[in-house]
Amino acid sequence: MKNRLQAIRAEFLDKLKQAQNLDNLREIELKYLSRKGELSEVMHNLKDLSLELKKELGELANNIKKELENSFEETKKIIGIKDDNKVFVDITLPGEKVDRGHLNPITVIQREMEDLFTSLGFIIADGPELESDYFNFTALNIPPLHPARDMQDTFYVDSKNSDGTLDLVMRTHTSPVQVRTMKKFGAPLKAVIPGRCFRNEATDARHEHTFYQFEGIMIDKNINFANLKSLLEIVGKKLFGPNTKLRMRPKFYPFVEPGNNGEYTCFLCEGKGCRVCKNTGWLEIVGAGLVHPDVLRAGGIDPEQYSGLAFGFGLTRLAMLKYGVNDVRAFNSGDLKFLEQI
Ligand code: PHE
């Protein structure tokens, strides 16, 4: 029986080599590989053998079968291509799915916000992530040694000014770019600034050392609190739907006066109170206020002539809320299990 198997193998491979077209192939398939083919017949007869022989020959037969099927498929492919008018393509099969990447959820929301603000006439500005102490703090009305510096745990970079003070920081917010854009473009000015920020946090599910903000600044004659409120209302409706309400509560930020926190009605429970909004009905999402005169001055703008509004959204926080991500560390983890599901 062993010989018989070897003979079938040799004969099969020989015939296959000579095959010219798909008809030849079909004949070969029928004669050797089909259910009534020679190979099946031999395999069928194995059942009459002793246990030991059955095992040995069964294995051989299986190996040969696999080998023959593989070479058959190979040849079929080659002939299929050559045999022009009988190309072996089953057009009814679904196409091969091409895996495409997708954008990070933070990028998706950033682009949504950029679209909204450019449609309102804002430009998109950019600034360095490694920032000078001056722009990150001093120009924003947070002088050296002022206790307000403690509001943000900062990564100081080991580079000193001539007077020995530390000069560079990983920017703790996107607000330094407010002053940079004022200096660059002057007033009137409408700009948004998306970007990555860093804080020396003890990380946990809600705190991360690297995160994204979306800053905005608008400077013109007679900009007032009503302008700020209506603008933030537009953003809220765009982000969370037309029924979204805004409330603004006082909060101290040295670079705005008056300063406040903008809160939107929770998009999940629509203000009724749920787990996401910690039963308050409101989501705290944006820091905002009217630009402090000292900051306008630092940007080379005369506060007697112009006033401005500014706001800073937590972009990472927005993405967490919108996509129901409950651990902020997932965004930077590089964990494919996380990245592929959103
Ligand atoms: N820069 C502030 C922060 O990071 C947010 C903010 C921006 C507040 C603009 C007021 C105005 O917390």
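Per chain, residues are indexed from 1 in the order of the written sequence. A pLDDT threshold of at least 70 governs which residues receive local features in this predicted model, and a stricter bar of 80 or more applies before side-chain atom pairs are shown or counted, although totals over entire chains, interfaces and linings include all residues. Excluded from the side-chain calculation are hydrogens and water; included are all heavy atoms of the structure.

(A) Representation of the overall build of the protein. For the protein, the helix and strand inventory stands at 12 helices and 10 strands. C-alpha atoms define the radius of gyration, and 2.2 Å times the number of residues to the power 0.38 defines the globule rule. Rg of the C-alpha trace for the protein: 35 Å, well past the compact-globule value of 20 Å for 342 residues, more than 25% over. Only protein chains enter the accessibility calculation, which uses a 1.4 Å probe; a residue whose area is less than 20% of its type maximum is buried, one above 50% is exposed, and one in between is partly exposed. When burial is assessed residue by residue, the protein has 42% of its 342 residues classed as buried. Every residue pair with non-hydrogen atoms within 4.5 Å of one another is taken to be in contact. Long-range contacts, defined as pairs at least 24 residues apart, comprise 64% of the intrachain contacts of the protein with a sequence gap of at least 6. Averaging the locations of the 47 positively and 48 negatively charged side chains of the protein gives two centres separated by 4 Å. Secondary structure is summarised from DSSP: a helix means a run of H or I of at least four residues, a strand means a run of E of at least two, and numbering begins at the N terminus for each. Counting rule for charge: Lys and Arg are taken as positive, Asp and Glu as negative, and neither His nor the chain ends is counted. In this description, the location of a charge corresponds to atom NZ of lysine, CZ of arginine, CG of aspartate or CD of glutamate.

(B) Structural view of the domain arrangement of the protein. Boundaries between domains were set according to an automatic or database domain assignment. Domain annotation for the protein reports domain 1 (2-86) and domain 2 (105-339). Centre-to-centre separation of domain 1 and domain 2, based on C-alpha positions: 70 Å.

(C) Here's a closer look at helix H8 (residues 225-240). By this rule the span expected of a helix is its residue count minus one, scaled by 1.5 Å. Between the first and last C-alpha of H8 there are 22 Å, a value that for 16 residues agrees with the 22 Å anticipated at 1.5 Å per step. For H8, every residue scored as buried is listed here: Leu228, Leu231, Leu232, Val235, Gly236, Leu239 and Phe240. Down the axis of H8, the sector holding all buried residues measures 140°, keeping them to one side. Any pair of nitrogen or oxygen atoms within 3.5 Å is treated as a polar contact; in protein, a donor-acceptor pairing is required on top of that, and neighbouring residues in sequence qualify only through side-chain atoms on both sides. For H8, the N-terminal capping position is held by Asn224, with its side-chain oxygen 3.0 Å away from the main-chain nitrogen of Ala226. Along the arc lie the directions from the helix axis toward the C-beta atoms.

(D) Structural view of the packing of aromatic side chains. Here the aromatic set is Phe, Tyr and Trp, taking the six-membered ring for Trp, and pairing holds for ring centres within 6.5 Å; pairs whose planes are under 30 degrees apart are stacked, those over 60 apart are edge-to-face, and all others are tilted. Here the structure, examined in full by the defined rule, presents 10 aromatic pairs. On the basis of an interplanar angle of 75° and a centroid distance of 5.2 Å, the ring pair of Tyr134 and Phe135 is categorised as edge-to-face. Judged by its relative accessible area of 37%, Tyr134 is partly exposed. Measuring from ring centre to ring centre gives 5.1 Å for Phe240 and Phe267, while their planes differ by 5°; the resulting arrangement is stacked. With Phe240 in helix H8 and Phe267 in the loop between strand E8 (256-265) and strand E9 (282-291), this pair connects stretches of sequence that are 27 residues apart. For a ring to carry a charge above it, either NZ of a lysine or CZ of an arginine must fall within 6 Å of the ring centroid while also lying within 35 degrees of the normal to the ring plane. The residue whose ring lies beneath Arg180 is Phe135, and the NZ or CZ to ring-centre distance is 4.2 Å.

(E) Expanded view of the packing of helix H5 (residues 105-119) against helix H10 (residues 315-323). A fitted line through C-alpha atoms represents every axis, and for helices the fit uses only the stretch in contact; the resulting angles, taken between N-to-C directions, go from 0 to 180 degrees. For the pair H5 and H10, interaxial distance at closest approach is 9 Å and the crossing angle is 105°. Compared by their axis directions, H5 and H10 come out roughly perpendicular. Contacts between H5 and H10 pair Pro105, Ile106, Val108, Ile109, Gln110, Glu112 and Met113 from the former with Leu315, Thr316, Leu318, Ala319, Lys322 and Tyr323 from the latter. When an angle is under 35 degrees it counts as roughly parallel; over 145 it counts as roughly antiparallel; between 65 and 115 it counts as roughly perpendicular; any other value is oblique.

(F) Structural context of the environment of Glu11. Along the chain, Glu11 turns up in helix H1 (residues 2-18). Each C-alpha atom, one on Glu11 and one on Gly259, is 89 Å from the other, the two residues being 248 residues apart in sequence. Setting aside residues no more than four positions away along its own chain, Glu11 makes contact with Lys31 and Tyr32.

(G) Looking closely at the environment of Pro105. With respect to the helices, strands and loops of the structure, Pro105 is situated in helix H5. Look at Pro105 and you get buried, because its relative accessible area is 2%. Separated by 214 residues in sequence, Pro105 and Ala319 place their C-alpha atoms 6.0 Å apart.

(H) The arrangement of unusual backbone geometry in detail. Each neighbour pair has its own omega, and for Ala187 with Pro188 the value is -5°, a cis peptide bond. For Pro188, the location among the structural elements is in the loop between helix H7 (176-185) and strand E5 (189-198). With an omega dihedral of 0°, the bond running from Glu257 to Pro258 counts as a cis peptide bond. The residue Pro258 is located in strand E8 in this model. Residues other than glycine seldom take positive phi values, yet Glu270 does so here, at roughly 50°. Relative to the elements of secondary structure, Glu270 occurs in the loop between E8 and E9. For Glu270, a relative accessible area of 59% puts it in the exposed group. Although it is not a glycine, Asn279 adopts a positive phi angle of roughly 65°. Summarising the element assignment, Asn279 is placed in the loop between E8 and E9. Taking relative accessible area as the criterion, Asn279 reaches 62% and is therefore assigned exposed.

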